[in-house]
Amino acid sequence: MKDIFDQVQFANFSLKSRIIRTGGWERETEDGGFIKPSVFDRYENISKSGVGLIVSEMFALDPKDRFYHYCANMNYKGFIKDYKQITEIAHKNEVPILGQLAFFFYDDGVNQKAEPNDLTVEGIRKLQAEIVIAAKKFSFAGFDGIQINMAHNFYLARFINPYFNQRTDDYGGNTENRVRVVVEIIKLIKKMLGCHVSFRINAVDGRKGGMTLDESFEIAKIFAKNGADSVQITARTISFNFGEDGGHAFLSYANRLVNELDIPIILGGTLRDMKTMNEILNTTNIGFFSLVKPFVAQADFLSEWKEKGDGVSRCKGCNNCYAKKESKCFQFD
Ligand SMILES: Cc1cc2nc3c(=O)[nH]c(=O)nc-3n(C[C@H](O)[C@H](O)[C@H](O)COP(=O)(O)O)c2cc1C
Ligand code: SF4
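So, a few notes on the structure that sits alongside this text. (Residues numbered from 1 in each chain as written. Chains lettered and ligands numbered in written order. Predicted model: local features only at pLDDT ≥ 70, side-chain atom pairs only at ≥ 80, totals over all residues. Heavy atoms only, no water.)

### Quick look at the overall build of the protein
(1) Moving on: Regarding its fold elements, the protein presents 11 helices and 10 strands.
(2) Moving on: Computed over C-alpha atoms, the radius of gyration of the protein comes to 19 Å, within 12% of the 20 Å expected from 2.2 N^0.38 for 333 residues, which places it in the range of a compact globule.
(3) Moving on: By principal-axis analysis of the C-alpha atoms, the protein measures approximately 55 × 50 × 35 Å.
(4) Moving on: Every one of the 333 residues in the protein was classed for burial, and the buried ones make up 57%.
(5) Moving on: Contacts in the protein between residues at least 24 apart in sequence constitute 70% of all its contacts with a sequence separation of at least 6. (Helix = DSSP H or I, 4+ residues; strand = E, 2+ residues; numbered from the N terminus. Rg over C-alpha atoms; globule rule 2.2 N^0.38 Å. Buried < 20%, exposed > 50% of the residue type's maximum accessible area, 1.4 Å probe, protein only. Contact = heavy atoms within 4.5 Å.)

Spelled out as structure tokens, the structure:
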């Protein structure tokens, strides 16, 4: 029988469990932009709890970006010092950690909000260079790799989506062209840094003319073929209400990916109890789960689950942490 606390291989990492802690608005700072002790304490509690892998909260590229004030910052003078400490906390507890990059707008140097159709090829090169530099900064700070968020409604999600991308050059049109911008980034990071490159992708866009489930599947395959190391699945909004038979919204899609790709696939969203995850583990080929709100509700809940062999998150699903853009639980903190 498989169990969420199995020790497993995840691409180049050996994990202590199949649970991945994702995201969280952890931009809690003091004067000068340095992160507050509470963030270090949270990482300590999460790392010690039995988590397998941590994906950081999102870092945006540009101070003018939509969520910049809520998300983590790699452009202040304390970035390396602070995040070296964060990554050391994870590593001390034998937990690998990826830095997540996500941005909503892109400033190509001419237009602060250059949409995918507006970007010149020089603009694309600038974008690619900035993402490679971000990966390098993560690496300097001790992160084990980068997760590029091209899900939800972020810039790269729009770039790869036919609803937004009507370019007529090599970066638009068919699927292969629309994802070229990302494929080139993956190849560059792998060649220059060799670190783990994960990506977060929508299972489906949901808009008429937007990316379909089948196209999302094709895109994941293209990324894997070109060197990506893992995939985390989500959807455009965080209300996951299109599951079949009351099951998890992305279950069959994720299982299909697992069966066809030989890189780890992470299923996530609305997972709240150990029994359900163990059932999924033992009835499908899915091997990894990502959770956010359960960690916001109680950073070290996994230690209790491991000890008891069972458990349900105390998260009540009020969504205040997300709405108020804080990593604080409004029911229990
Ligand atoms: C407080 C909070 C912060 C989040 N921050 C991020 C983030 O930085 N990056 C990201 O990809 N998703 C972020 N999300 C979305 C989650 O990754 C996830 O898709 C969503 O919360 C559903 O998962 P859950 O049911 O396990 O919470 C955040 C969600 C919450 C509640
Ligand atoms: S604030 Fe609400 S949704 Fe967020 S962790 Fe707490 S109970 Fe869950």
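Anyway, onward from the coordinates.
### Some details on the site of ligand 2
(1) Moving on: Contacts to ligand 2 come from K293, V296, A297, C315, K316, G317, C318, N319, C321, C329, F330 and Q331.
(2) Moving on: In the shell around ligand 2, the residues fall into 7 nonpolar, 3 polar and 2 charged. (Near = heavy atom within 4 Å. Nonpolar A, V, L, I, M, F, W, Y, C, P; charged D, E, K, R; others polar.)

### Some details on the site of ligand 1
(1) Moving on: Lining the immediate surroundings of ligand 1 are 21 residues, of which Q100, R200, T270, R272 and V292 lie closest.
(2) Moving on: Residue N149 places a side-chain N or O atom 2.9 Å away from an oxygen atom belonging to ligand 1.
(3) Moving on: In this structure, T270 approaches ligand 1 through a main-chain N or O atom, which is 2.7 Å from an oxygen atom.
(4) Moving on: Protein chains bury 98% of the 600 Å² of accessible surface belonging to ligand 1 in isolation.
(5) Moving on: Counting residues per element, the ones that place at least two in the shell around ligand 1 are β4 (53-59) and α11 (320-323). (Polar contact = N/O pair within 3.5 Å; in protein donor to acceptor, adjacent residues only side chain to side chain. Areas by Shrake-Rupley, 256 points an atom, 1.4 Å probe, with all protein chains shown as cover.)

### Here we look at the packing of helix α6 (residues 213-225) against helix α7 (residues 251-260)
(1) Moving on: It is the contact of α6 with α7, at a shortest axis distance of 11 Å, that shows an interaxial angle of 30°. Here α6 runs over α7; the crossing is right-handed. In contact with L213, D214, S216, F217, A220 and K221 of α6, α7 contributes Y253, R256, L257 and E260. (Axes fitted to C-alpha atoms, helices over the stretch in contact; angles between N-to-C directions. Left-handed = near helix turned anticlockwise from the far one by under 90°.)

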